[in-house]
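# Descriptive structure summary
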Amino acid sequence: MSDPVEMVDRLGAAFLAQDVEAVLACFVPDDDITYVGSESGESATGRDGVRALLTKLFERPEAYSWQATAATIHALPGAAFVIAEADGTAHASDGTVERFPYRVTGLLSRRSSGAWLWRAVQGAEPA
């Protein structure tokens, strides 16, 4: 079983691994999913669209990750809306690491198993 904050961190770890299938496994298994990143043009809906966007993002020479530091969770029957403050990290191919504030917001769906999975998620660098 997962909880909403663990899903923020799980998604960040999948991004660090640059593993498209691991990221998609963080989402509900149907096609009604959306991912929006922090850069212009980083938006996709539907499993094929999200897969294509992630493939493009993971071709970059750096990998990104984040870990939640605080979260507000609005629980609904079978769902939760999450607003998580996080420590973001950019891992360059030369080994350098850059840290920055990050925010992850989104809608999670609770499965019959009790596990939480993303339906829609957005990552952004707060100004």
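Residues numbered from 1 in each chain as written. Predicted model: local features only at pLDDT ≥ 70, side-chain atom pairs only at ≥ 80, totals over all residues. Heavy atoms only, no water.

### A word on helix α1 (residues 4-16)
The condition that has to hold: Numbering of helices and strands runs from the N terminus, with a helix taken as a DSSP run of H or I at least four residues long and a strand as a DSSP run of E at least two residues long. The span one expects for a helix is its residue count, reduced by one, times 1.5 Å. The buried label applies to any residue whose accessible area, calculated with a 1.4 Å probe on protein chains only, is under 20% of its type's maximum; exposed applies above 50%, and partly exposed to all values in between. The arc under discussion is defined with respect to the helix axis, by the directions toward the C-beta atoms. Whenever two N or O atoms come within 3.5 Å, that pair is a polar contact, provided that in protein one can donate a hydrogen and the other can accept it, and provided that, for residues adjacent in sequence, both atoms are side-chain atoms.
Along its 13 residues, α1 runs 19 Å from first to last C-alpha, staying within 8% of the 18 Å computed at 1.5 Å per residue. Of the positions making up α1, those classed as buried are Pro4, Met7, Val8, Leu11, Gly12, Ala14 and Phe15. Down the axis of α1, the buried side of the element spans an arc of 160 degrees, and every buried residue falls inside it. The N-cap of α1, judged by a side-chain oxygen 2.9 Å from the amide nitrogen of Val5 a few residues on, is Asp3. Immediately beyond the C-terminal end of α1, within one or two residues, lies Gln18, with a positive phi of roughly 50 degrees.

### Some points on the pattern of salt bridges
When the charged atoms of two side chains lie near each other, side chains of opposite charge can form a pair. Put simply, the test is: One speaks of a salt bridge when a side-chain nitrogen belonging to Lys or Arg is within 4 Å of a carboxyl oxygen belonging to Asp or Glu.
Per the stated rule, a full pass over the model turns up six salt bridges. Arg51 serves as the salt-bridge partner of Asp48, at 3.7 Å between the closest nitrogen and oxygen. Taken together, the residues Asp48 and Arg51, both in helix α3 (residues 47-57) and three residues apart, mark about one turn of the helix. With relative accessibility at 60%, the residue Asp48 sits in the exposed group. The exposure class of Arg51 is partly exposed, given its relative accessible area of 28%. A salt bridge links Glu85 to Arg103; its shortest N-O distance comes to 2.7 Å. With Glu85 in strand β4 (residues 79-91) and Arg103 in strand β5 (residues 97-110), this pair connects stretches of sequence that are 18 residues apart. Its relative accessible area of 30% is what places Arg103 among the partly exposed residues.

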